[in-house]
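# Remarks on the overall topology
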Amino acid sequence: MTLPFRCLPIALIACTTMTASCAGSRPISSVAPPRLSLPAMASRPCELHRLPAAPTLGDLEVGYMIRGRQIADCDVARRLAVDTLLSERRAGEAAKRP
């Protein structure tokens, strides 16, 4: 009956080590990281003006102005999508920190 007495210190050390390792770890969070909704402007495809089949000088001038405005709007939408993504990532990283 000396076997249980020899295993007792090993069992106590193993139990103490497992308890200490569980107590030192952070609890697992069941909260999902925040998700931001992407504005409708950022998810729409960009439109570009097309010239008619036989453009005149007036059509070219109008098309130049319209296309410039459309490119500026597309750039704003792209910036909005990037800002939303970066904000979502920062919020997710902040939620992970204790």
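Quick caveat: nothing in here was measured; it's all calculated off a predicted structure. Throughout, residues of each chain are indexed from 1 in the direction in which the sequence is written. Totals for whole chains, interfaces and linings use every residue, but because this is a predicted model, local features are given only for residues with pLDDT of at least 70 and side-chain atom pairs only at 80 or more, for both listing and counting. As a rule here, side-chain values come from all non-hydrogen atoms in the structure, and water together with hydrogens is ignored.

### Observations concerning the overall build of the protein chain
The way it works is that DSSP assigns letters per residue, a run of H or I at least four long becomes a helix, a run of E at least two long becomes a strand, and they are numbered from the N terminus. Helix and strand content of the protein chain: 3 helices and 0 strands. In sequence order, the secondary structure elements of the protein chain are arranged as α-α-α. Buried, partly exposed and exposed residues are distinguished by accessible area as a fraction of the type maximum, computed with a 1.4 Å probe on protein chains only: under 20%, between the cut-offs, and over 50%, respectively. Out of the 98 residues belonging to the protein chain, those deemed buried represent 7%. If you take every contact in the protein chain between residues at least 6 apart in sequence, the share linking residues at least 24 apart comes to 68%. With residues, only the protein chains shown are counted as cover, and all accessible areas are computed by Shrake-Rupley using a 1.4 Å probe. As displayed, the protein chain has an accessible area near 8,700 Å², and 66% of this comes from carbon and sulfur atoms. Working rule for contacts: check all heavy atoms of both residues, and any pair within 4.5 Å makes them a contact.

### Notes on the pattern of salt bridges
The term salt bridge refers to a pairing of a side-chain nitrogen on Lys or Arg with a carboxyl oxygen on Asp or Glu at a separation within 4 Å. Per the stated rule, a full pass over the model turns up 3 salt bridges. Taking the shortest distance from any N to any O, the salt bridge between Asp 75 and Arg 78 comes out at 3.2 Å. Taken as a pair, Asp 75 and Arg 78 lie in helix α3 (residues 57–96) at a separation of 3 residues, close to a single helical turn. Overall, the relative accessible area of 42% leaves Arg 78 in the partly exposed class. For Arg 79, the salt bridge identified is with Asp 83, shortest N-O distance 3.5 Å.

### As for the state of the cysteines
Any cysteine sulfur atom paired with another within 2.5 Å is treated as part of a disulfide. Here the structure, examined in full by the defined rule, presents 1 disulfide. One disulfide in the model links Cys 46 with Cys 74; its S-S distance is 1.8 Å. On the sign convention where negative means left-handed, the S-S torsion of about 80° between Cys 46 and Cys 74 marks this disulfide as right-handed. Of the two residues, Cys 46 is situated in the loop between α2 (40–43) and α3 and Cys 74 in helix α3; the sequence distance between them amounts to 28 residues. Under the relative-accessibility criterion, Cys 46 is labelled partly exposed at 41%.

### Re the side chain of Thr 84
With respect to the helices and strands, Thr 84 occurs in helix α3. The exposure class assigned to Thr 84 is buried, which follows from its relative accessible area of 13%. Here the side chain of Thr 84 touches Leu 80 through a polar contact of 2.8 Å, landing on its backbone oxygen. Between N or O atoms, a polar contact is any pair within 3.5 Å; within protein, one atom must be a potential hydrogen donor and the other a potential acceptor, and residues adjacent in sequence are included only when both atoms are from side chains.

### Quick notes on the confidence of the model for the protein chain
A residue's pLDDT is simply how confident the predictor is in it, with values from 0 to 100. Chain-level pLDDT for the protein chain is 80 on average; 73% of the residues reach the 70-or-more range. Averaged pLDDT values for the elements of the protein chain fall to 67 in helix α1 (residues 3–24) and rise to 90 in α3.

### Considering α3
Take the number of residues in a helix, subtract one, and multiply by 1.5 Å to get its expected span. Between the first and last C-alpha of α3 there are 59 Å, a value that for 40 residues agrees with the 58 Å anticipated at 1.5 Å per step. Listed in full, the buried residues belonging to α3 are Gly 63, Gln 70, Ala 77, Thr 84, Glu 88 and Gly 92. Buried residues belonging to α3 abut α2.

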